[in-house]
Amino acid sequence: MPAEAIRFKPINTNLIIKDSGEYDVIIQASQKDQSAFKKLFDKYSGKIYAFSLRLTMNTESAEEIVQETFIKAWNKLESFRFESKFSTWLFGIAYNEFLMHNRSKNKRDEKFVLADMNELLNIKTVFNFDTNIDIEKAISKLPEQAKAVFVLHEIEGYKHNEIAEMINIQEGTSKAHLNRARKILREELSK
């Protein structure tokens, strides 16, 4: 067996992707198969966009983050070791792109406005309020990490151990950020 084929085998067989079809697609994409990568893009780009939009509250910024996330994923896909879910790895890249975007945004001293309200109304939320706009505005006021943890846990459905891996924090820190986010949201929504 060639050394290159061995390079793509999972390090821990207990963590192999349950969907063997996705495993094969990831392997093909990591070998620079554009049609395989397009399948991954088609499957995950909407989720990454929704995540980015919730973090930035700006459609242009969210689109830029999605683009940069998938460019980085294309360039680094061969380094994906199947030690976590592919989506966990991809959301981690997206979160890092969000942080980099915010740093460059702050350096340029840009002012961002809320995204188109129609788009915000279509975003699924886990709360039952008269409008989704109130919760989206409240989420936008959360600190960066609390916002990311809230969106990943409550909206995207990730567990704290997955979130911790995505954004490079401890699992307990993820739980603390979620509690903080919930408290801030309760306060914001009771105003």
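Shown above is the structure to which this text applies.
Residues numbered from 1 in each chain as written. Predicted model: local features only at pLDDT ≥ 70, side-chain atom pairs only at ≥ 80, totals over all residues. Heavy atoms only, no water.

**Section: the pattern of salt bridges**
Convention followed: Here, a salt bridge means any Lys or Arg side-chain nitrogen found within 4 Å of an Asp or Glu carboxyl oxygen.
Following the criterion strictly, the structure yields nine salt bridges and no others. Through salt bridges with shared partners, a single ionic network connects Arg54, Glu136 and Glu156.

**Points about the packing of aromatic side chains**
Here is the rule: A pair of Phe, Tyr and Trp rings is counted when the ring centres sit within 6.5 Å of each other, with Trp represented by its six-membered ring. The angle between the planes then sorts it: under 30 degrees is stacked, over 60 is edge-to-face, the rest tilted. Here a strand is any run of E in DSSP of at least two residues, a helix any run of H or I of at least four, and the numbering for each starts at the N terminus. The buried label goes to any residue with under 20% of its type's maximum accessible area, the exposed label to any with over 50%, and the partly exposed label to all in between, with areas taken from a 1.4 Å probe on protein chains only.
Under the definition given, this model contains twelve aromatic pairs. With a centroid separation of 5.1 Å and 75 degrees between ring planes, the pair formed by Phe37 and Trp74 is classed as edge-to-face. Of the two residues, Phe37 is situated in helix α3 (residues 34–56) and Trp74 in helix α4 (residues 59–76); the sequence distance between them amounts to 37 residues. We note that Phe37, like Trp74, is buried.

**A short note on the packing of α3 against helix α8 (residues 144–155)**
Heads up, the condition is: Between N-to-C directions, angles span 0 to 180 degrees; the directions come from axes that are lines fitted to C-alpha atoms, helices contributing only their stretch in contact. Each angle is binned into one of four classes, with values under 35 degrees roughly parallel, values over 145 roughly antiparallel, values of 65 to 115 roughly perpendicular, and all other values oblique. Each crossing gets its hand from how the near helix is turned against the far one by less than a right angle, where anticlockwise is left-handed and clockwise is right-handed. Every residue pair with non-hydrogen atoms within 4.5 Å of one another is taken to be in contact.
The N-to-C vectors of α3 and α8 enclose an angle of 140 degrees; their axes lie 10 Å apart at closest approach. One way to sum up the angle between α3 and α8 is to call them oblique. Crossing hand, α3 versus α8: right-handed. Facing α3, whose interface residues are Phe51, Arg54 and Leu55, α8 presents Lys147, Ala148, Val151, Leu152 and Ile155.

**Things to note about α3**
The test is simple: By this rule, a helix spans an expected 1.5 Å times one less than how many residues it contains. Note that the bend at a residue is defined as the angle between axes fitted to the seven residues ending at it and the seven residues starting at it.
With 23 residues, α3 should cover 33 Å at 1.5 Å per step; its first-to-last C-alpha distance of 29 Å lies more than 12% under that length. At Tyr44, α3 shows its maximal kink, close to 45 degrees. Of the residues flanking the end of α3, it is Met57, one or two places downstream, whose phi is positive at about 60 degrees.

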